[in-house]
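# Geometric and topological summary
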Amino acid sequence: MVTIRIEALDVALGDRRVLAGIDTEMTGGGLIGVIGPNGAGKSTLARAMLGLLKPLSGRVLLDGAEVGTLRPADRARTIAYLPQGQTLHWPLSVERLVALGRMPHLAPFSRLSAADTAAIEAAMAATGTLDLRTRDATELSGGERARVMLARALAVEAQALIADEPLASLDPSHQMEMMELLAERARAGTLVVVVLHDLTMAARFCDRLLLLSQGRLMADGSPDTVLTDAALAEVYGITAWRGTAGGTPLLVPLGRS
Amino acid sequence: MLHMPPARGTPPVLLIGLPSLAAILAALASLFIGPAGIPVADSLAALSGHGDPIVRAILFELRLPRVALGLLVGAMLGAGGASLQGYLRNPLAEPSVLGASNAAALGAVVALYFGLAQAHPMALPLLAILAALAALAPLFGLAGRSESPLGLILAGIAVATLAGAGISLALNLSPNPFAAMEIMSWLLGSLEDRTPQHVWLAAPCIAVGLALLLWDGRALDALTLGEDSARTLGIDLRRVRVRMLIGLAVGVGGAVAVSGAIGFVGLIVPHLVRPFTDRRPSSVLIPSTIAGAALLTAADVAVRLIPTNAPLKLGVVTAFLGVPVFVFHLVRERRLW
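If you're wondering where the values come from, they're calculated on a predicted model, not measured in any experiment.

Parameters at a glance
Residues numbered from 1 in each chain as written. Chains lettered and ligands numbered in written order. Predicted model: local features only at pLDDT ≥ 70, side-chain atom pairs only at ≥ 80, totals over all residues. Heavy atoms only, no water. Helix = DSSP H or I, 4+ residues; strand = E, 2+ residues; numbered from the N terminus. Buried < 20%, exposed > 50% of the residue type's maximum accessible area, 1.4 Å probe, protein only. Contact = heavy atoms within 4.5 Å. Areas by Shrake-Rupley, 256 points an atom, 1.4 Å probe, with all protein chains shown as cover. Lys, Arg positive; Asp, Glu negative; His and termini not counted. Charge placed at Lys NZ, Arg CZ, Asp CG, Glu CD. Salt bridge = Lys/Arg side-chain N within 4 Å of Asp/Glu carboxyl O. Phe/Tyr/Trp six-rings, centres within 6.5 Å; stacked < 30°, edge-to-face > 60°. 1 Å grid on protein atoms, 1.4 Å probe; cavity = no way out; pocket = protein on both sides within 12 Å on 5 of 7 lines; lining within 4 Å. Points joined across faces, edges and corners; volume = space filled by probe spheres on them. Nonpolar A, V, L, I, M, F, W, Y, C, P; charged D, E, K, R; others polar. Buried area = accessible area lost by both parts, 1.4 Å probe. Polar contact = N/O pair within 3.5 Å; in protein donor to acceptor, adjacent residues only side chain to side chain. Pairing = 2+ DSSP bridges. Axes fitted to C-alpha atoms, helices over the stretch in contact; angles between N-to-C directions.

It is worth spelling out the overall build of chain B at this point. Of the regular secondary structure elements, chain B holds 15 helices and 0 strands. For chain B, the C-alpha atoms occupy an extent of roughly 60 × 50 × 35 Å along the three principal directions. Counting every position in chain B, which comprises 337 residues, the buried fraction comes to 53%. Contacts in chain B between residues at least 24 apart in sequence constitute 78% of all its contacts with a sequence separation of at least 6. Accessible surface for chain B amounts to roughly 13,800 Å². Of this, 74% is attributable to carbon and sulfur atoms. Counting 21 positive and 16 negative side-chain charges, chain B places the centres of these two groups 7 Å from one another.

Here you go:
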């Protein structure tokens, strides 16, 4: 099982300090959510964890090795990424698109091996996209598209998966489906980190939450301990209603405080 | 690179085979058709080392270099267009649209204008390559900073316009009408009166260019998902960028140095090929390379067959042939990419 350790991480985009003094450690076994208001640095944290951004100071360690110093293919085999609002620039078929996830495993100019094909099939089966195989990935509905993009990320068969706002533009049913898929992966041992805006979903599906505000890690722990009234008021400026419906814990934003 | 049978589209054998056949036919036509009007039987005799020495000279010194250059330059332009479209994720990208061909032509013009080309045979291709590099480098820098294709196309137009202005300046200041004529002929593009030396000049440049461009098919596929995703798929984008830049500059520079600026081939060929592929940028690369060779060689045959007072220039024909074909495809396939 892979461990991501973040030590005193500072990240700047241009002149603006986006993350400051982030310290945490993440392992698989439970779904980890990253929450916080717009501009809190959630996506930046995700990108820094993937080695896409160079830290100003501090380190991101992947099983003890600094993520920026790993060979690109090694890093790619270990952490998969599901970016926010994934764009697709050419109308590939769904199968071809999912197959791109095997790229970190391929030697130059080699063909897909049986293991690669099996991984592609498994990823499509897990996301219920086998029927879409021959469809143009650019002509899918929002829900289909989100599942296909997740299949692409799962096909990497990485030990860690970072998903940046995978719920954006999904209807409630597809949102819950996406969260169930991610939580299932996480509980099976993959290190799954998901950036979320929806506090209800975060409270319901995540086992651990990281609350970011203005580039700082404000709270880190189980949803109960992170999503306190005081934290919601301070970070989001909102009040919330808490309750259960059919045994499911619910948190619903009520009003601006 | 074609590591799976396509889920749709033409089988790889046909995708490679048909353009190859077209290239061979075009090459044969180019070898046997010309102003000397040599019967095919005499040509065959000459090619096998017998027959009239004059016929032999025409075939080996004039027509064979022309065939070789048509194939080489066409292949380079086809591959350049296909890989630039893939790299920039933009169906409008092409060496001439982005100003690389114009800049290389400017380099060639500078070499001609200042007499450097006469001083050393390598001066012309070298300046063409350097000028193409100078034009492409800022564009690639720009492409790295934004996901938007629009800024890049605008910058390409700026570079192309600047190079065009430089050429106009050279024409404006040219010491005599003959110099102006020579510069003009580089801009129109032609394969007429090329010698085996031209082939030896262009072939290594184009070989390097093709090798560098065809190397990165898989990276182009990953870029279908954007730069961040490509990097998280293990693609070292900085290296890809350097290979593309050098491949294009050396290849296009070398091609322009012997043929002048020939537009549209790099733009049109990938569009003609793409509907028959599974649309992955990598599966467009090799068929585009071969189809480019076929198209340019065929256009060079057309130049000889169309009766005109002054000899037609190749760049003029590719534009006249290419644009209607391109528009037809645009209309028929509402989505080409």
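In this section: the pattern of salt bridges. One pass over the structure, following the stated rule, counts 25 salt bridges over all chains. A salt bridge links E144 of chain A to R135 of chain A; its shortest N-O distance comes to 3.5 Å. Using a relative accessible area of 34% as the deciding quantity, one classes R135 of chain A as partly exposed. Note that D216 of chain B and R243 of chain B form a salt bridge whose closest N and O atoms lie 2.8 Å from each other. Taken together, the residues span a long stretch of sequence, with D216 of chain B in the loop between α9 (196-215) and α10 (217-223) and R243 of chain B in helix α12 (residues 237-259) at a distance of 27 residues. Classification of D216 of chain B by relative accessible area gives buried; the value is 4%.

Considering all chains together, one arrives at 2 aromatic pairs over all chains under this definition. Note on F109 of chain A and W215 of chain B: the rings are 5.1 Å apart at their centroids and 70° apart in plane angle, and the pair reads as edge-to-face. Of this pair, F109 of chain A sits in the loop between α3 (94-99) and α4 (114-126) while W215 of chain B sits in helix α9, which puts the two residues in different chains. A relative accessible area of 39% means that F109 of chain A is categorised as partly exposed. The class of W215 of chain B is partly exposed, set by a relative accessible area of 46%. Their ring planes at 80° and their centres at 5.1 Å tell us that Y113 of chain B and F114 of chain B sit as a pair that is edge-to-face.

Put simply, the second largest pocket is a space of about 560 Å³. Lining of the second largest pocket is provided by 22 residues; of these, P108 of chain A together with W215, G234, I235 and R243 of chain B occupy positions nearest its centre. At the level of elements, α2 (72-78) of chain A together with α10 and α12 of chain B are the ones that each hand at least two residues to the lining of the second largest pocket. Within the lining of the second largest pocket, the residues separate by chemical class into 14 nonpolar, 2 polar and 6 charged.

This part covers the interface of chain B and chain A. Taken together, the 38 residues of chain B in the interface contact 39 residues of chain A. Between chain B and chain A the total buried area reaches about 3,200 Å² when both faces are included, carbon and sulfur atoms providing 62% of it. Counting across the chain B and chain A interface gives 2 salt bridges. Residue R96 of chain A pairs with D278 of chain B through a salt bridge whose shortest N-O separation is 2.4 Å. Our count for the contact surface shared by chain B and chain A stands at 7 residue pairs in polar contact (both at pLDDT 80 or more).

All names here are of chain A. Of note, the phi angle at A8 is positive, near 45°, even though the residue is not glycine. By the secondary structure assignment, A8 is in strand β1 (residues 3-13). For D63, which is not glycine, the phi torsion reads 50° and is therefore positive. Along the chain, D63 falls in the loop between β4 (57-62) and β5 (65-66). Residue D63 is classed as partly exposed on the basis of its relative accessible area, which comes to 48%.

Residues and elements named next belong to chain A. With respect to topology, 6 strands assemble into an open sheet ordered β6-β7-β8-β3-β9-β10, the strand pairing being mixed. Every interior strand has two partners, whereas the edge strands, β6 (79-82) and β10 (216-221), have only one. Ignoring which end each strand starts from, the neighbouring axes of this sheet average 15° apart. One ladder, built from 5 bridges, connects strand β7 (residues 160-164) with strand β8 (residues 191-195); its direction is parallel. Pairing of A163 across the sheet is with V194, part of β8. The strands touched by helix α5 (residues 142-154) are β6 and β7; relative to β6, the strand with the most contacts, the crossing angle is about 165°. Along the sheet, helix α9 (residues 229-236) makes contact with β3 (32-35), β9 (208-213) and β10, crossing β9 at roughly 35°.

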